[in-house]
Amino acid sequence: MKKNDFVTLTIEDIGVGGEGIGKAEGMTFFVKDAVVGDVIEARITKLKKNYGYARLMKIIKPSEKRKEAKCPVARQCGGCQIQEMDYKEQLKFKGRKVRNNLERIGGFESTLLDAVMEPICGMEEPFHYRNKAQYPIGTDRDGNPVAGFYAGRTHQIIPNTVCALGKEINTEVLNIVLGFMKEFHVTAYDEGTGTGLFRHVLIRSGFKTGEIMVCLIVNGTQIPHVETLTERLTKLPGMTSITMNINCENTNVIMGKEIRLLWGQEYITDYIGEIKYQISPLSFYQVNPVQTEVLYGLACEYAGLTGQETVWDLYCGIGTISLFLAQKAKQVYGVEIIPQAIEDARKNAEINGITNAEFYVGKAEEVLPDYYRKYEESNPGSRAHADVIVVDPPRKGCDETLLETMVNMEPDRIVYVSCDSATLARDLKYLCENGYELKKVRPADMFPMTVHVETVVLLSHKKPDGHINVKVEFGEGEGKVPLDNIAKRAEAYKPKERVTYKMIKEYIEAKYGFKVHTAYIAEVKRSLGLPMYDAPNAVEELKHPRKHPTVEKVEAIKDALKHFEVI
Ligand code: SAH
């Protein structure tokens, strides 16, 4: 087997990036755009010792789970990864991904997950859900202006003005802009030379208000014949804001700092639930407003507010969750690292007449511990308390200093909103080892056709449910409980300890004085035929060739497995 050879594969599994996984001659292959159940012919593009990558060349027998892509450039475009998978299957895949991470990384028992996991919230209409699109503008071989998307991991523009995830009106906006450029010989920006005028077109839509915003991102300060362009754009229903953004830097960053109003007003308005937002070209706003409402509705339900609570919303962005919760809480404090986002949050509170939300700029892992320490200093003997803490961190999850402070503040409930179930699982493990109990887990699909999944989790503080008084006399004789018996029964009922890789490593390091790699332990377990976790991140692991431990290490690992009664 060598590079460029053709292999026939039956796709049996799906990797974390949505790629199909199949086997041939003992080798595992990862194939982009292949769907579980497909029988395919693929060309090997990269070959390692026991795995490789291949390109889908022909579908010999399509899977029942395969759907024809709505978008003609679905395979080339880097935006969607799983458009060719039936939507129901996408939801199953995402639910499984969250569950597997909680089990593997979080160490949560399968029976507990059966009890706490709720079905994923999917979309009824999984297309045209995005309220924001940023199209790069370029020039094709014939010199015509084009708009489209960057091909996966490159800056090559795939012309496409009909994106199945965006609003239909985007096509009309782009056709007007491209037609105008052609007619008046307005140039497109060229990354290589740094010349040319039009860089990107940003389009935003208010789903509830129907308002449309167009922002033209240009490498210059003037657009020739701009009145003709704005006049044409204003004919579109809902047009509310036309601006230009000046970006003359040679950079990958799309937007420059300066905005100039060309027509209408500088912002559009939209609602999430009852809360109104003013969205300007530079402000952050969730891109799937329908599911955002679902997600925040869940967070609000899990927060269990009665109107009396003090709530912290950490990583609050423009205060979306804070303002949502403020309607039902006594007081909300939001913390966010980006100052402009906090400015927006305060403005949004004001335009909605919300007075019980306060916002702080700073790192959550600094603001909360500082608050906690200062509170202790000025109130000796008592501790800062919160009823509910909500966190919605970026992919890397929460800093441990923050988790520690959260635990010290002992909120009754913690609501964790996550966009990465691996770091979520890691953080939940910490919280559950430090006084919290997993109560509810619900994935939500904010980004259909992509591999991303959001999750909302409810944790509650472990407190005794109540007390009963029982009188027991220990010792020998009638009606008394012999102490020996208790010890024996306790021993018999002792739950079997779950043996983790960490325990094995610590045992070996303490006894033998050397460290062993997780992969070595896995290798020994595998060679002994012991049950292995069904690794959802096997894709990641397989990127590294399997390691072979030395005899000395194998013996130490076997000894540890014996010690913990695994063998
Ligand atoms: N809850 C918001 C935003 C969540 S996205 C919403 O739903 O709209 C995560 C946010 O965390 C981003 O706004 C990012 O700027 C912010 N952030 C990243 N690191 C942070 C940190 N260390 N402390 C506080 N905020 C941070």
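The structure presented is a predicted model; accordingly, all values stated were derived computationally and were not measured.

(A) Spatial organisation of the UniProt feature "binding site: S-adenosyl-L-methionine" (unreviewed entry) in the protein. Feature annotation in UniProt assigns "binding site: S-adenosyl-L-methionine" (unreviewed entry) to the following positions: Gln286, Tyr315, Glu336 and Asp392. Structurally, the position occupied by glutamine 286 is in the loop between strand E14 (275–279) and helix H5 (289–303). Excluding residues that lie within four positions of it along the chain, glutamine 286 makes contacts with Asn131, Thr292, Tyr296 and Met446. Mapped onto the secondary structure, glutamate 336 falls in strand E16 (residues 331–336). We classify glutamate 336 as buried; its relative accessible area is 11%. Excluding anything up to four places from it in sequence, glutamate 336 contacts Tyr315, Cys316, Gly317, Ala341, Ile342, Tyr360, Val361 and Gly362.

(B) Examining the UniProt feature "domain: TRAM" (unreviewed entry) in the protein more closely. When the UniProt feature table is mapped to this numbering, "domain: TRAM" (unreviewed entry) covers residues 1–58. Annotated as residues 1–58, this span is 0% helix and 62% strand, and its ends, taken at the C-alpha atoms, are 19 Å apart.

(C) The arrangement of the packing of helix H9 (residues 400–409) against helix H10 (residues 421–433) in detail. Viewed as axis vectors pointing N to C, H9 and H10 meet at an angle of 35 degrees, and their least axial separation amounts to 10 Å. Classified by chirality, the crossing of H10 by H9 is right-handed. Between H9, through Glu400, Leu403, Glu404 and Val407, and H10, the contact on the second element is made entirely by Asp427, Tyr430 and Leu431. Each residue belonging to the contact of H9 with H10 can be placed in one class, and the counts come to four nonpolar, no polar and three charged.

(D) Local environment of the domain arrangement of the protein. Domain boundaries in the protein define domain 1 (1–66), domain 2 (82–122 + 288–463), domain 3 (132–272) and domain 4 (501–563). A C-alpha centroid distance of 38 Å is found between domain 1 and domain 2. For the pair domain 1 and domain 2, the summed buried area comes to about 720 Å², and 62% of that belongs to carbon and sulfur atoms. Notably, a salt bridge pairs glutamate 84 with arginine 66, separated by 3.2 Å at the nearest N-O pair. Joining domain 1 to domain 2, the criterion identifies two residue pairs in polar contact (both at pLDDT 80 or more).

(E) Geometry of the sheet that holds strand E20 (residues 436–444). One open sheet holds the seven strands; their spatial order is E17-E16-E15-E18-E19-E21-E20, and the pairing between them is mixed. The open sheet is flanked by strand E17 (357–361) and E20, the only strands paired with a single partner. Strand after strand, the sheet turns through a mean of 15 degrees between neighbouring axes, direction not considered. Where E20 meets strand E21 (residues 454–461), eight bridges bridge the pair, whose relative direction is antiparallel. Residue tyrosine 436 lies in a different strand from E21, and its bridge partner there is histidine 461.

(F) Spotlight on the site of the ligand. In the region of the ligand, 17 residues are neighbours, and Gln286, Tyr296, Glu336, Ala364 and Asp392 sit closest. Between the ligand and alanine 364, the relevant distance is 2.8 Å, taken from a nitrogen atom to a main-chain nitrogen or oxygen of the residue. Aspartate 392 has a polar side-chain atom sitting 2.8 Å from a nitrogen atom of the ligand. Protein contact buries 86% of the 570 Å² of open area that the ligand shows by itself. Looking at the shell around the ligand, the elements that each hand over two or more residues are helix H6 (320–326) and helix H8 (364–378).

(G) Representation of H9 in the model. Among the residues of H9, Leu402, Leu403, Thr405, Met406, Val407 and Met409 are the ones counted as buried. Where the residues of H9 are buried, they touch strand E15 (310–314), H8, strand E18 (388–391), strand E19 (413–418), H10 and E20. Just downstream of H9 lies glutamate 410, where phi reads positive at about 50 degrees.

(H) Up close: the pairing of strand E5 (residues 51–61). Bridging between strand E3 (residues 27–31) and E5 involves four bridges; their strand directions are parallel. By the bridge assignment, phenylalanine 29 is partnered in E5 with glycine 52. When strand E4 (residues 39–47) meets E5, the two strands line up antiparallel, connected through eight bridges. What sits directly across from alanine 42, in E5, is leucine 56. Joining the antiparallel neighbours E4 and E5 is a turn of three residues.

(I) Seen up close, the pattern of salt bridges. Under the counting rule described, the total for this entry stands at 25 salt bridges. Residue lysine 94 is joined to aspartate 445 by a salt bridge in which the shortest nitrogen-to-oxygen separation is 2.7 Å. With a gap of 351 residues between them, lysine 94 in helix H1 (residues 87–104) and aspartate 445 in the loop between E20 and E21 connect regions that are remote in the sequence. Like aspartate 445, lysine 94 is buried. Within this structure, Lys32, Asp33 and Arg75 form a network of salt bridges that share partners.

Analysis parameters
Residues numbered from 1 in each chain as written. Predicted model: local features only at pLDDT ≥ 70, side-chain atom pairs only at ≥ 80, totals over all residues. Heavy atoms only, no water. UniProt positions renumbered as here; feature names shortened; annotations may be inferred. Helix = DSSP H or I, 4+ residues; strand = E, 2+ residues; numbered from the N terminus. Contact = heavy atoms within 4.5 Å. Buried < 20%, exposed > 50% of the residue type's maximum accessible area, 1.4 Å probe, protein only. Axes fitted to C-alpha atoms, helices over the stretch in contact; angles between N-to-C directions. Left-handed = near helix turned anticlockwise from the far one by under 90°. Nonpolar A, V, L, I, M, F, W, Y, C, P; charged D, E, K, R; others polar. Domains from an automatic or database assignment. Buried area = accessible area lost by both parts, 1.4 Å probe. Salt bridge = Lys/Arg side-chain N within 4 Å of Asp/Glu carboxyl O. Polar contact = N/O pair within 3.5 Å; in protein donor to acceptor, adjacent residues only side chain to side chain. Pairing = 2+ DSSP bridges. Near = heavy atom within 4 Å. Areas by Shrake-Rupley, 256 points an atom, 1.4 Å probe, with all protein chains shown as cover.

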